[in-house]
Amino acid sequence: MRTLIIAALMLAAPLAGAQTPAVALERTASPPGAEAYIISPQDGATVKSPVRVQFGLKGMGVAPAGVKFENTGHHHLLVDSDAPADLSAPLPATDKILHFGKGQTEASVPLSPGKHTLQLLLGDQNHVPHNPPVISRKITITVTH
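The notes below deal with the structure included here.

Definitions and cut-offs
- Residues numbered from 1 in each chain as written.
- Predicted model: local features only at pLDDT ≥ 70, side-chain atom pairs only at ≥ 80, totals over all residues.
- Heavy atoms only, no water.
- Core = buried A, V, L, I, M, F, W, Y, C linked by side-chain atoms within 4.5 Å.
- Buried < 20%, exposed > 50% of the residue type's maximum accessible area, 1.4 Å probe, protein only.
- Helix = DSSP H or I, 4+ residues; strand = E, 2+ residues; numbered from the N terminus.
- Contact = heavy atoms within 4.5 Å.
- Phe/Tyr/Trp six-rings, centres within 6.5 Å; stacked < 30°, edge-to-face > 60°.
- Salt bridge = Lys/Arg side-chain N within 4 Å of Asp/Glu carboxyl O.
- Pairing = 2+ DSSP bridges.
- Axes fitted to C-alpha atoms, helices over the stretch in contact; angles between N-to-C directions.

To continue, consider the nonpolar core. If you look at the biggest cluster of nonpolar residues, it comprises 22 residues, and the most contacted ones within it are V51, V53, L77, L111, L118 and I141. Secondary-structure elements contributing two or more residues to this core are β1 (35-40), β3 (51-58), β5 (72-79), β7 (106-109), β8 (114-123) and β9 (139-144). Looking at this core, the element that brings in the most residues is β3, giving four residues. Among residues more than four places away in sequence, those in contact with V53 are I38, S40, P41, L77, T105, E106, A107, V109 and L118. If you look at the next biggest cluster of nonpolar residues, it comprises five residues, including L78, L87, I97 and L121.

Rendered as structure tokens:
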């Protein structure tokens, strides 16, 4: 009988996990006036790859991913991309959404020659954008050989 119960539990375990709904992450509030911006390069600049991108933040502080301090977050750089439509979900790590979860305030970004857009989006300890989102204006740069 004991073997039968253990076998039944082992078979049921994967099914129980499949039926558990996903837990929604609550968005962290951003303080009034918080602002993300790109210090450099400047909008319209012509640069060489790798591009040194300096991140600016006003009205908040920077903390690594996984660390919860009030009025802080970490940077995500959107490359040739718009912000995701669903800002209530963690930002995915892709070649278009670069994560700087160690609290970096600048990065050397390899980009192919041509025109590119860059935009910063601050995420909380769980990579979820704040509410309201702290997002920079989008800039356009040209990368030469």
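Before going further, it helps to examine the packing of aromatic side chains. Aromatic rings in a pair are described by how distant their centres are and how their planes are angled relative to each other. By the definition in use, this model includes one aromatic pair. Pairing F55 with F100 gives two aromatic rings, centres 5.1 Å apart and planes at 55°, and the pair type is tilted. With F55 in strand β3 and F100 in strand β6 (residues 97-100), this residue pair connects regions lying 45 residues apart in the sequence. You can call F100 buried: its relative accessible area is 10%.

Within the structure shown, the criterion is met by four salt bridges. Where R52 meets E106, a salt bridge forms, and the shortest distance between an N and an O atom there is 3.0 Å. Here R52 is found in strand β3, whereas its partner E106 is found in strand β7, with 54 residues between them in sequence. R52 gets classed as partly exposed once you look at its relative accessible area, which sits at 47%. A residue is classified by how much of its surface remains accessible, and E106, at 37% relative accessible area, is partly exposed.

With that out of the way, let us pick up the sheet that holds β7. Strands belonging to one sheet form pairs held by backbone hydrogen bonds; the direction of such a pair is parallel or antiparallel. In spatial order, the strands read β1-β3-β7; together these three strands make up an open sheet with antiparallel pairing. Looking along the sheet, the strands with just one partner apiece sit at the ends: β1 and β7. On average, each strand axis in the sheet is tilted by 30° relative to the strand beside it, whichever way the strands run. Bridge count for β1 against β3 is five bridges, and the pairing is antiparallel. Residue pairing for β3: Y37 is matched across the bridge by G56.

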